[in-house]
Amino acid sequence: MVARVAGVFDEKLTEAIANSKILVVGAGGIGCEILKNLVLTGFPQIEIIDLDTIDVSNLNRQFLFHKEHVGKSKAQVAKDSALSFNPTVNIIAHHDSVISNDYGVSYFKQFNIVMNALDNRVARNHVNRMCLAANVPLIETGTAGYAGQVELIKKGLTQCYECQPKAPQKSFPGCTIRNTPSEPIHCIVWAKHLFNQLFGEEDPDQDVSPDTADPEAAGDAGASALSSEGTAAGNIERKSTRAWASDTNYDPEKLFSKLFGDDIRYLLSMENLWKKRRPPTPLTWDNLPGKDNAPTQHSGLPDQRVWTVHECAQVFAASCKALQTDLKSRPDGDHLVWDKDEKSAMDFVTACANIRAHIFNIQLKSRFEIKSMAGNIIPAIATANAIVAGLAVIRAQALLKGEIETCTSVYLRPKVNHRGQLFVPEKTLTAPNPKCYVCAPKPEVGLACNIKQLTLKDLNTAFKEGLNMQAPDATVEGKGLVVLSSEPGETDHNNEKTLEEIGLNDGCALLVDDFLQNYEVRVRLQQEDDEKSWRLVTDTDTPMPAPKEDKTANGSNGAKEPKPGPSRSKEDSDSDMEIIDEDDDGEPAPKPPKRRRTEISDEVVELC
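About the cut-offs
- Residues numbered from 1 in each chain as written.
- Predicted model: local features only at pLDDT ≥ 70, side-chain atom pairs only at ≥ 80, totals over all residues.
- Heavy atoms only, no water.
- Axes fitted to C-alpha atoms, helices over the stretch in contact; angles between N-to-C directions.
- Helix = DSSP H or I, 4+ residues; strand = E, 2+ residues; numbered from the N terminus.
- Parallel < 35°, antiparallel > 145°, perpendicular 65-115°, else oblique.
- Left-handed = near helix turned anticlockwise from the far one by under 90°.
- Contact = heavy atoms within 4.5 Å.
- Nonpolar A, V, L, I, M, F, W, Y, C, P; charged D, E, K, R; others polar.
- Buried < 20%, exposed > 50% of the residue type's maximum accessible area, 1.4 Å probe, protein only.
- Salt bridge = Lys/Arg side-chain N within 4 Å of Asp/Glu carboxyl O.
- Pairing = 2+ DSSP bridges.

Asker: Before we move on, can you summarise the packing of helix α10 (residues 252-269) against helix α11 (residues 309-328) with the specific residues and values?
Answerer: At a closest axis distance of 10 Å, the pairing of α10 and α11 adopts a crossing angle of 120 degrees. By the criterion of interaxial angle, the relationship of α10 to α11 is oblique. For the pair α10 and α11, the sense of crossing is right-handed. Taking contact as the criterion, the partners of Pro-252, Leu-255, Phe-256 and Phe-260 in α10 are, on α11, Ala-313, Phe-316, Ala-317, Cys-320 and Lys-321. Taken together, the residues of the contact of α10 with α11 break down into eight nonpolar, no polar and one charged.

Take a look at the structure:
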């Protein structure tokens, strides 16, 4: 390979490559290109990790995969294909999640360089923290269409992946999702939440049905609630969607009748909702639009054809049965995880989203379009992936030569600027943010909340979703009192108690650590009477950005004043990239850089 051809590399680099060991995280569009470049360059020891399997939609840009590989492990197939270029390389493939306990700090320490080619923020955060803990250089990559970036992350020398706040996630008011959708994305979010209610990890905040047990409902809708017997506390017992579905043996017709018939008629009884909106139209299983239509000719790919409502109902029935079978095959208490590349899960969301869209007079979408929106897929360009992967390996070579000062961030522009530049490098390495709550010498962050109302369970959520922890443990600083434990059952009895009830107060400092990430941060509690949930504060005067609300035009479907909530980061957000401003000379703007993450964010639903 190249490293063994005399005169291509100097002796120092040739020897460094021969003695190096590289970890590639992600075997998608960029990961395939990186692996190919490493193999052809002559890197002898490579490990690659990816949990995903190959989908038909990957084949147009992930060139190590072919039609016969669909459904197989990306990591394993990438390894086998790469070895055809250079059989002498030792490649170890892991069909696994990099967040798994098997890949701790000691695992990362064995590598000279880690190269990220990931497509979600949660995994990126995790690898960032593991590389900081192991003190291993991380080369972060990303593309979005024709734009791209390569960035070095080195402990104590450059900013880490979490040094700057990420772009706020777009949010949709919960009542818009449940009651008054007006866009296809609202129906897609609803369908993903329905998947979780029926087959996935249940979350009360993702309830998909109108609140049929609400005594304040308009018209006849609240009659059943008013006549229901309350509990001793005065509340009304509510049956979970999954329990009800299980009682019906996941009968597709009964599920359909409730979700797309009864629930819609209930919404119609809320007359105030429809004074300035076009009301929805309930559907019945035996009389669906498109039932008697002749098959239509479509010249494109099957996934690009928009199904009729009747076809959606048939797909809904088939996917319900397939998902029920999958759920039953798992241990008691286990659940499914929605994956855009899992056929039944994607079919279910496509069918449900389109049926609901028809009911609310919203344009129906093809399976291909819905997959792009549901999976938050940024259009991928094979050429951009190849360019970014090439830049990443060039940076890896510079690191091995000890020329770390030359490893500044490089940005691939969608088009050349006025100076004819397609690649725009930063002038110097970007120093760490001294107030970063991940890589600062003594990480610290504030948590604004109403201590009288926030429960321990909510605090655990704040640590996991706000601080991106996997298994948080928290003790009171100076006292050693264990407030939260990652050990099952150790502090669960306090889950519903408020922070005030367990002895915490304004100004109290918690030492929170995650043994899986070898990460510890000091969290200061800040009492705010008006805070409805929680909010991270990285500086006393500068709160972290909250999710932006999905603003709707006057008269459109949606809530006017959704409650504030946490800034969340979920698994399905797409390839992050950083687009920087340039000065008048076409050079990158002076530091501090303005980081604008260009990505299609995963949805965040706020309660009304």
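Asker: I'd like to hear about the side chain of Asp-52, residue by residue, with values.
Answerer: As for its placement among the helices and strands, Asp-52 is situated in the loop between β2 (45-49) and α3 (74-83). Exposure remark for Asp-52: the relative accessible area of 15% places this residue in the buried category. Those residues in contact with Asp-52 that lie beyond four places of it in its chain are Lys-72, Ser-73, Lys-74, His-95, Asp-339 and Asp-341.

Asker: Explain the side chain of Asp-347 residue by residue, including any values.
Answerer: Note on placement: Asp-347 falls in helix α12 (residues 343-359). Overall, the relative accessible area of 8% leaves Asp-347 in the buried class. Residues contacting Asp-347, with those up to four places away along its chain left out, are Trp-307, Val-315, Ser-319 and Arg-367.

Asker: An account of the pattern of salt bridges is requested, with residue identities and associated values reported.
Answerer: Inspection of the entire model under this criterion finds 21 salt bridges. The salt bridge involving Lys-340 is made with Asp-341; its shortest N-O contact spans 3.9 Å. Residue class for Asp-341 comes out buried when judged on its relative accessible area of 14%. Across the pair Glu-403 and Lys-401 runs a salt bridge, and its minimum N-O distance is 3.6 Å. The partly exposed category is assigned to Glu-403, whose relative accessible area is 33%. On the basis of relative accessible area, Lys-401 is assigned to the partly exposed category, the value being 22%. Residues participating in the shared-partner salt-bridge network are Asp-303, Lys-343, Asp-347 and Arg-367.

Asker: Residues and numbers for the sheet that holds β2, please.
Answerer: Through backbone hydrogen bonds, the strands of a sheet pair up, either in parallel or in antiparallel fashion. Strand order in the open sheet formed by eight strands is β3-β2-β1-β4-β5-β6-β8-β9, and the pairing between neighbours is mixed. Of all the strands in the sheet, the pair left with one neighbour each is β3 (90-94) and β9 (423-425). Going across the sheet, the axis of each strand differs from the next one's by a mean of 15 degrees, ignoring polarity. Direction of pairing for strand β8 (residues 410-412) relative to β9: antiparallel, over a ladder of three bridges. By the bridge assignment for β9, Leu-412 is matched with Phe-423. Relative to strand β5 (residues 138-144), helix α5 (residues 121-134) is tilted by about 160 degrees, and along the sheet it contacts β1 (21-25), β4 (113-116), β5 and β6 (147-153).

Just distances and angles here, no functional claims.
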